Amino acid sequence: PARAVAPDPTEQLRPFLDKIVAELKSEDFKQDRSCRQCQRIIDIASEHFDFHEMSKRVLGKQWRALSQKEKDQFVTLFTKLLQYAYIGKVEDYIDKKIEFDKQRIKGKRAEVLTHLVDANKSIPVSYIMILKGDKWMAYDIIVEGVSLVRNYMEQFRSILRKEKFSGLIDRLQTKILELENEKNQQETSAGASTPAADAS
């Protein structure tokens, strides 16, 4: 019997990114300054982003020492951090065109190189993916040579060394709360300014 042909990572990534961009450009997202709509983006992202694999790689050796409960706790908090730290700040990117460049496949690993393009600049963005079943799942994004996973790995490594895992969890919870409050303040400020503008 003929060997089954592995799915093409670029052909899986293309409609997925189109779906994400369409959601980011929706009126619901644009008007949601508190980023409640960001959860909708995370839900869509989960279709082709493996947040569990991403979390595992961010923690490195520390991951193996954690209980299942601790792993689940970290995945939840890290995903929430990405929700506020990245998805809420995409205004600089959603008006750019996504151009697909090339892909490299080695076994169950793949890299798909894209560019975010406008009239003034082309930003290289690579998606690092792993094949799980018949679906390519991204576990890292490299923007202009900077890896999301490696960036957080270096930050967390220092915290883990000084404050252990419990200290990292405390830091994540505090940071998420700060980002949530920041978003809520933006919404409150925008809401307060609207009646004044109408009155004038």
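Just above sits the structure.
For every chain, the first residue of its written sequence is number 1, and the numbers climb from 1 along that sequence. Predicted model: local features are reported for residues with pLDDT of at least 70 only, side-chain atom pairs are reported and counted for 80 or more only, and whole-chain, interface and lining totals are derived from all residues. By convention in this description, side-chain values take in all heavy atoms of the structure and omit both hydrogens and water.

Moving on, we get to the overall build of the protein chain. In terms of helices and strands, the protein chain carries 6 helices and 5 strands. The rule is simple: take the accessible area with a 1.4 Å probe, protein chains only, and divide by the maximum for that residue type; under 20% is buried, over 50% is exposed, in between is partly exposed. Taken across its 200 residues, the protein chain has 42% of its residues classed as buried. A contact between two residues is defined here by any heavy atoms of the two lying within 4.5 Å. In the protein chain, 56% of the contacts between residues at least 6 apart in sequence involve partners at least 24 apart. By the criteria applied, helices consist of DSSP H or I runs no shorter than four residues and strands consist of E runs no shorter than two, each listed in order from the N terminus.

Okay, the nonpolar core next. To define a nonpolar core, start from buried Ala, Val, Leu, Ile, Met, Phe, Trp, Tyr and Cys residues and group those joined through side-chain atoms within 4.5 Å. Of all hydrophobic cores here, the largest spans 52 residues; its most connected members are Phe 49, Leu 59, Phe 74, Phe 78 and Phe 156. At the level of elements, α1 (9-24), α3 (38-45), α4 (51-59), α5 (68-85), β2 (109-117), β3 (122-132), β4 (135-143) and α6 (148-199) are the ones that each hand at least two residues to this core. With 13 residues, α6 is the single largest residue contributor to this core. Those residues in contact with Phe 49, other than ones at most four positions away along the chain, are Phe 16, Met 54, Tyr 127, Met 137, Ala 138 and Ile 141.

The rule for pairing is simple: two strands pair if DSSP sees at least two bridges between them. In this sheet, β4 lies alongside β3 in antiparallel orientation, the contact comprising 8 bridges. Of the residues in β4, the one forming a bridge with Met 129 is Ala 138. Between the antiparallel neighbours β3 and β4 lie 2 residues, among them Gly 133 with a positive phi of about 70°. Sheet topology note: the β4/strand β5 (residues 146-147) ladder contains 2 bridges and is antiparallel. The residue bridging Val 143 from the neighbouring strand is Val 146, located in β5. Between β4 and β5, which pair antiparallel and follow one another directly, the connecting turn spans 2 residues, one of which, Glu 144, has a positive phi of 50°.

This part is about the packing of α1 against α3. The convention used is that axes are lines fitted to C-alpha atoms, helices contributing only their stretch in contact, and that angles between N-to-C directions extend from 0 to 180 degrees. For the pair α1 and α3, interaxial distance at closest approach is 10 Å and the crossing angle is 175°. Comparing their axes, α3 and α1 come out roughly antiparallel. Contacts from Phe 16, Lys 19, Ile 20, Glu 23 and Leu 24 of α1 reach α3 at Arg 40, Ile 41, Ile 44 and Ala 45. Angles are sorted into four bins: roughly parallel if under 35 degrees, roughly antiparallel if over 145, roughly perpendicular if 65 to 115, and oblique for all others.

A few words now on the sheet that holds β4. Hydrogen bonds between backbone atoms are what pair the strands of a sheet, whose relative direction is either parallel or antiparallel. Overall, antiparallel pairing links the 5 strands, which are arranged β1-β2-β3-β4-β5 in an open sheet. Across the chains shown, the open sheet's two edge strands, defined by having one partner strand only, are β1 (97-106) and β5. Packed on one face of the sheet, α1 meets β1, β2, β3 and β4 and runs near 150° to β1. On the sheet, α4 packs against β2, β3 and β4 and is oriented at approximately 45° with respect to β4.

Attention now goes to the packing of α4 against α5. Running from N to C, α4 and α5 cross one another at 100°; their axes reach a closest spacing of 9 Å. The angle between α4 and α5 falls in the class roughly perpendicular. Counting all contacts with α4, which are made through Phe 51, His 52, Met 54, Ser 55, Val 58 and Leu 59, the residues of α5 involved are Phe 74, Val 75, Phe 78, Thr 79 and Leu 82. Considered class by class, the residues forming the contact of α4 with α5 number 8 nonpolar, 3 polar and no charged. Each residue receives one of three labels: charged for Asp, Glu, Lys and Arg, nonpolar for Ala, Val, Leu, Ile, Met, Phe, Trp, Tyr, Cys and Pro, and polar for the others, Gly being one of them.

Two descriptors summarise a pair of aromatic rings, namely the distance from one centre to the other and the angle between the planes of the rings. Aromatic rings from Phe, Tyr and Trp, taking only the six-membered ring of Trp, are treated as a pair when their centres fall within 6.5 Å; an angle between ring planes under 30 degrees marks them as stacked, one over 60 as edge-to-face, and anything in between as tilted. Inspection of the entire model under this criterion finds 8 aromatic pairs. Here Phe 16 and Phe 49 contribute two aromatic rings whose centre-to-centre distance is 5.8 Å and whose plane-to-plane angle is 50°, an arrangement assigned as tilted. With a gap of 33 residues between them, Phe 16 in helix α1 and Phe 49 in the loop between α3 and α4 connect regions that are remote in the sequence. Considered together, Phe 16 and Phe 49 belong to a single accessibility category, that of buried residues. Arranged with centres 5.2 Å apart and planes meeting at 90°, the rings of Phe 78 and Tyr 152 form a pair that is edge-to-face. Taken as a pair, Phe 78 in helix α5 and Tyr 152 in helix α6 lie far apart in primary sequence, 74 residues in all. Here Phe 78 matches Tyr 152 in class, with each residue buried. Taking the ring centre of Phe 100 as reference, the NZ or CZ of Arg 14 above it sits at 4.4 Å. Counting as a charge over the ring demands two things of the Lys NZ or Arg CZ atom: a distance within 6 Å of the ring centre and an angle within 35 degrees of the ring normal. When the ring centre of Tyr 139 is taken as reference, the NZ or CZ atom of Arg 57 above it lies at 4.1 Å.

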